[in-house]
Amino acid sequence: MRVGSEEHRRLLAVARGEEPPDLLVRGGTVANVYSGELLRADVAASGGCIAYVGQDPPPPGPETRTVEAGGAIVAPGYIEAHTHPWVLYDPVSLAGAAAALGTTTVVADTLFFHLQMGPERLAWLLDDLRALPVNYLWVARLISQSEFPGERRLFSPEAAGDLLGREDVVGTAEITRWPALAAGDGHLLEGIARARQAGKVSDGHTGGASEARLPALVAAGITADHEAISAREAISRLRLGLWTMLRHSSLRPDLPELLRAVTEEGVSTRRLILTTDGSSPEHIAEHGLVDGLLRLAVEQGVDPMQALRMVTLNPATWMRRDHELGGLAPGRRADILLLPDLSSFRPRTVICGGRVVAEEGRLLAPLPSLDWESYGARPRFEPSLPLEDPRLYPPRAGASPRGAPVIELVSAVITRLRWERLQEREGLVGLGGAPEGLLYAALVDREGGWVSRALVAGFAGDALEGFASTYNTTTQLLVLGRDPRAMARAAARVREMGGGIALVAGGEVVCEVPLPVCGMMSPGTFEEAVARNRSLSRELESRGYPFHDLLYTLLFLTCDFLPAVRLTPRGVLEVKSGRVLVPSGPPL
């Protein structure tokens, strides 16, 4: 609401008691995150903002919507301060799930929209997403998560500057290539400088950084970090002045350990924020979103008011938006929850921007239907790319004097490198199939310029014949399997779907997940995303996938920032040294 506008003048009139409110929530106990008190008070709103909080509200008029709290706790809407709205679900379906669970503001990453659509069409998308029943705020990427030719032109400082000029963009997104930032990379520093000039924040990503490396990252300009995995790491980040996000996600369910910093070490919660960090659909369906973090925090011994601040006032203050978000006070957005208690944190009623959007976990507000094609969201495939040719996928003999690199998974996302000296007769080239215990792996440029090839161990067993996915951090075509013919069939099916995931067995597609939005998302309901996630997990587990988060295994197999070796557009990359062990090459 613009100060001095007619809408703002009416808000003041309601605050003075001279005009009736649009919305009146009465008969509740307000959780005041500013004072730490539980106070008997009513809340009146006008034009989507709060005008009055107290025991003598302005009288309702004939058009006022009155919500009877019936003694419920009246709390600010939850803020998810760090998420990725592209984990099979898209921003629309995630908004529906979030609203029903009480998360009224979502701070989201733009990576794959920027990567696929470009900055101009990304801006069109952000405009259209303002119609959602939650308040989306965004962080702009300065760089991708896997280097490719032309990356820095696409993610230019000028593009970041244009996005940072938007009211709904609160800063720059996490920089996963943090060693480059610590070394003073000019491209990254210019992006952070533009954020500072715009009065906005810079999120960080310091996974794997030692305490000795952290000062350089803070000095470079990051203001927050979500990568602590122990209480000690959380405290070390706090001591350096970082807003420290305590993560509990489908990949890293670390909150009980992280909260020891509060419950055992007694650190202040003033600069702590809770986040789910883009959890998988099935994890959200089972554990909730921000509401689940609150339940867990209180179970671990955190005071309920402190926990509530970590998902309301604290993230709003970090974003420099506490004048409009994060609490129930005049001038703030009317994002209001009616909670039965401060232990379950499951809202009875959800109000976002002064509008009732959910009741008893059921979404009431309609979700818009977006024309994703108009944004250029569908992945492009070069028609002449020979995906049906089985010769495209096996590694090449003689690619390295040490043999063929094997990317061995030791957890859902961490790998180690080994080498295998395999002969052509064993199927390293040709169609005989991968050696026992290993899978062929190929990352194929969708436009036909290059292919990176390796062997993979630990992803699945010998029963995985052919599997293909654009769901990975490059959005190129990742193909895995023991049988090159089945791999070719899976890859061809993904192209037919215009992006997605396909599993082939016995010559037939036995499981498929269409992902026509940037190769990462399906424009269906959240419940459909959950069902697809569960079906895919079940199929891969039956073929030997041994870990707990398949989607993040797929996502990060092609990244350039996690240990130890990755399959990237440049080739097989040893992450720590930055050396390309086997470069990518032409398709055939």
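Residues numbered from 1 in each chain as written. Predicted model: local features only at pLDDT ≥ 70, side-chain atom pairs only at ≥ 80, totals over all residues. Heavy atoms only, no water.

K.L.:
So, the pattern of salt bridges: which residues are in play, and what are the values?
P.N.:
Counted under the stated rule, the structure contains 40 salt bridges. Of the charged contacts in the structure, one is a salt bridge between Arg418 and Glu420, with a shortest N-O distance of 2.9 Å. Residue Glu420 is classed as partly exposed on the basis of its relative accessible area, which comes to 22%. Through salt bridges with shared partners, one network takes in Asp127, Arg130, Arg166 and Asp168. (Salt bridge = Lys/Arg side-chain N within 4 Å of Asp/Glu carboxyl O. Buried < 20%, exposed > 50% of the residue type's maximum accessible area, 1.4 Å probe, protein only.)

K.L.:
Quick rundown of the environment of Thr172? Include the residues and the values.
P.N.:
One can find Thr172 in strand S9 (residues 169-172). Judged by relative accessible area, Thr172 falls into the buried class, the value being 0%. For the pair Thr172 and Lys200, spaced 28 residues apart in sequence, the C-alpha separation works out to 7.9 Å. For Thr172, the residues in contact, after removing those within four places along its chain, are Val139, Ala140, Leu142, Leu164, Gly191, Ala195, Val201, Ser202 and Asp203. In terms of polar contacts, Thr172 uses its side chain to reach the side chain of Ser202, at 2.9 Å. (Helix = DSSP H or I, 4+ residues; strand = E, 2+ residues; numbered from the N terminus. Contact = heavy atoms within 4.5 Å. Polar contact = N/O pair within 3.5 Å; in protein donor to acceptor, adjacent residues only side chain to side chain.)

K.L.:
Please give an account of the sheet that holds S9 that cites residues and values.
P.N.:
Read from one edge to the other, the open sheet built from 8 strands follows the order S6-S7-S8-S9-S10-S11-S12-S13, with strand pairing classed as parallel. Each edge of the sheet is formed by a strand with only one pairing partner; in this case those strands are strand S6 (78-83) and strand S13 (272-275). Two strands pair when backbone bridges link them, and S9 and strand S10 (residues 201-204) are joined in this way by 2 bridges, in the parallel orientation. Across the sheet, Gly171 pairs through a bridge with Val201, a residue of S10. Helix H10 (residues 231-239) rests against strand S11 (224-225), strand S12 (243-247) and S13 of the sheet, and its axis sits at about 160° to S12. (Pairing = 2+ DSSP bridges. Axes fitted to C-alpha atoms, helices over the stretch in contact; angles between N-to-C directions.)

K.L.:
Could you give an account of the domain arrangement of the chain, with specific residues and numbers?
P.N.:
Split by domain assignment, the chain resolves into domain 1 (77-326) and domain 2 (404-583). Listed by partner, the interface residues are 33 residues for domain 1 and 35 residues for domain 2. Where domain 1 abuts domain 2, roughly 2,800 Å² becomes buried across the two surfaces, and 64% of that area is made up of carbon and sulfur atoms. Among the residues of domain 1 in contact with domain 2, Leu88, Leu251 and Glu282 are the three that bury the most area, contributing 26% of the side total. Remark: the boundary between domain 1 and domain 2 carries 2 salt bridges. The partner of Arg570 in a salt bridge is Glu147, with the nearest N and O atoms 3.5 Å apart. Where domain 1 meets domain 2, there are 15 residue pairs in polar contact (both at pLDDT 80 or more). (Domains from an automatic or database assignment. Buried area = accessible area lost by both parts, 1.4 Å probe.)

K.L.:
Before we move on, can you summarise helix H14 (residues 290-299) with the specific residues and values?
P.N.:
Burial analysis of H14 places 8 of its 10 residues in the buried class, which makes it a mostly covered element. Those residues of H14 that sit buried are Val290, Asp291, Gly292, Leu293, Leu294, Arg295, Leu296 and Ala297. Each element contacted by the buried residues of H14 is listed here: S6, strand S7 (103-109), helix H11 (255-258), S13, helix H13 (281-287) and helix H15 (304-309). Positive phi appears at Gly301, one or two residues downstream of H14, with a value of about 105°.

K.L.:
Let's hear about the nonpolar core: which residues, and what values?
P.N.:
Phe113, Phe459 and Tyr471 are the most contacted members of the largest nonpolar core, which has 121 residues in total. When residues of this core are assigned to domains, at least three fall in each of domain 1 (77-326) and domain 2 (404-583). Not counting residues up to four positions away in its chain, the partners in contact with Tyr471 are Trp86, Val87, Leu88, Gly500, Ile501, Leu515, Gly519, Met520, Leu551, Leu554 and Leu555. Counting residues in each nonpolar core, the second largest holds 27 residues, with Leu385, Leu387, Ala442 and Ala457 among its members. (Core = buried A, V, L, I, M, F, W, Y, C linked by side-chain atoms within 4.5 Å.)

K.L.:
Pulling in residues and values, what's your account of the sheet that holds strand S28 (residues 579-583)?
P.N.:
In a beta sheet, neighbouring strands are held together by backbone hydrogen bonds and run either parallel or antiparallel to one another. If you trace the 3 strands from one edge of the open sheet to the other, you get S26-S27-S28, paired in antiparallel fashion. On the outer flanks of this sheet lie strand S26 (565-568) and S28, each paired with one strand and no other. Geometrically, the sheet is characterised by an average inter-axis angle of 25° between neighbouring strands, direction not taken into account. Across 4 bridges, strand S27 (residues 571-574) lies against S28 in antiparallel orientation. Paired with Val572 across the strands is Val582, a residue of S28.

K.L.:
If you had to explain the packing of aromatic side chains to someone new, which residues and values would you point to?
P.N.:
Using the criterion set out here, one finds 11 aromatic pairs in the structure. Seen from their ring centres, Tyr545 and Phe547 are 5.8 Å apart, and the 80° between their planes marks the pair as edge-to-face. Judged by relative accessible area, which is 5%, Tyr545 ranks as buried. An aromatic cluster is built from Phe113, Tyr136, Trp138, Trp372 and Tyr375, whose rings are joined through pairwise contacts. Over the ring of Phe381 we find Arg446, and its NZ or CZ is 5.8 Å from the ring centre. (Phe/Tyr/Trp six-rings, centres within 6.5 Å; stacked < 30°, edge-to-face > 60°. Lys NZ or Arg CZ within 6 Å of the ring centre and 35° of its normal.)

K.L.:
Requested: an account of the side chain of Arg177, with residues and values cited.
P.N.:
Mapped onto the elements, Arg177 comes out in the loop between S9 and helix H7 (178-182). Owing to a relative accessible area of 11%, Arg177 belongs among the buried residues under this scheme. Not counting chain neighbours up to four residues away, the residues in contact with Arg177 comprise Ile143, Ser144, Gln145, Ser146, Glu147, Glu151, Arg152, Leu188 and Asp560.

K.L.:
Please give an account of the UniProt feature "domain: Amidohydrolase-related" (unreviewed entry) in the chain that cites residues and values.
P.N.:
Cross-referencing UniProt, the feature "domain: Amidohydrolase-related" (unreviewed entry) maps to residues 73-357 in the present numbering. Secondary structure content for residues 73-357 is 38% helix and 19% strand, while the C-alpha to C-alpha distance between its ends is 18 Å. (UniProt positions renumbered as here; feature names shortened; annotations may be inferred.)

K.L.:
Quick rundown of unusual backbone geometry? Include the residues and the values.
P.N.:
Where the residue is not glycine, phi is negative for most of them; where a peptide bond is considered, it is trans in most cases. At the junction of Pro563 and Ala564, the peptide bond is cis and its omega measures out at -5° in the coordinates. Note that Ala564 resides in the loop between helix H19 (550-556) and S26. Of note, Thr475 is a non-glycine position whose phi angle comes to about 60°, a positive value. Take Thr475: it is sitting in the loop between strand S22 (466-469) and strand S23 (477-481). Although it is not a glycine, Cys518 sits at a positive phi angle of roughly 60°.

K.L.:
An account of the pairing of strand S3 (residues 49-54) is requested, with residue identities and associated values reported.
P.N.:
Burial within S3 is extensive, with 5 of its 6 residues counted as buried. Where strand S2 (residues 37-46) lies against S3, 5 bridges are found, and the strand directions are antiparallel. Residue pairing across strands places Ala45 opposite Ile50, the latter belonging to S3. The loop that links S2 with its antiparallel partner S3 comprises 2 residues; one of these, Gly47, has a positive phi angle of about 60°.

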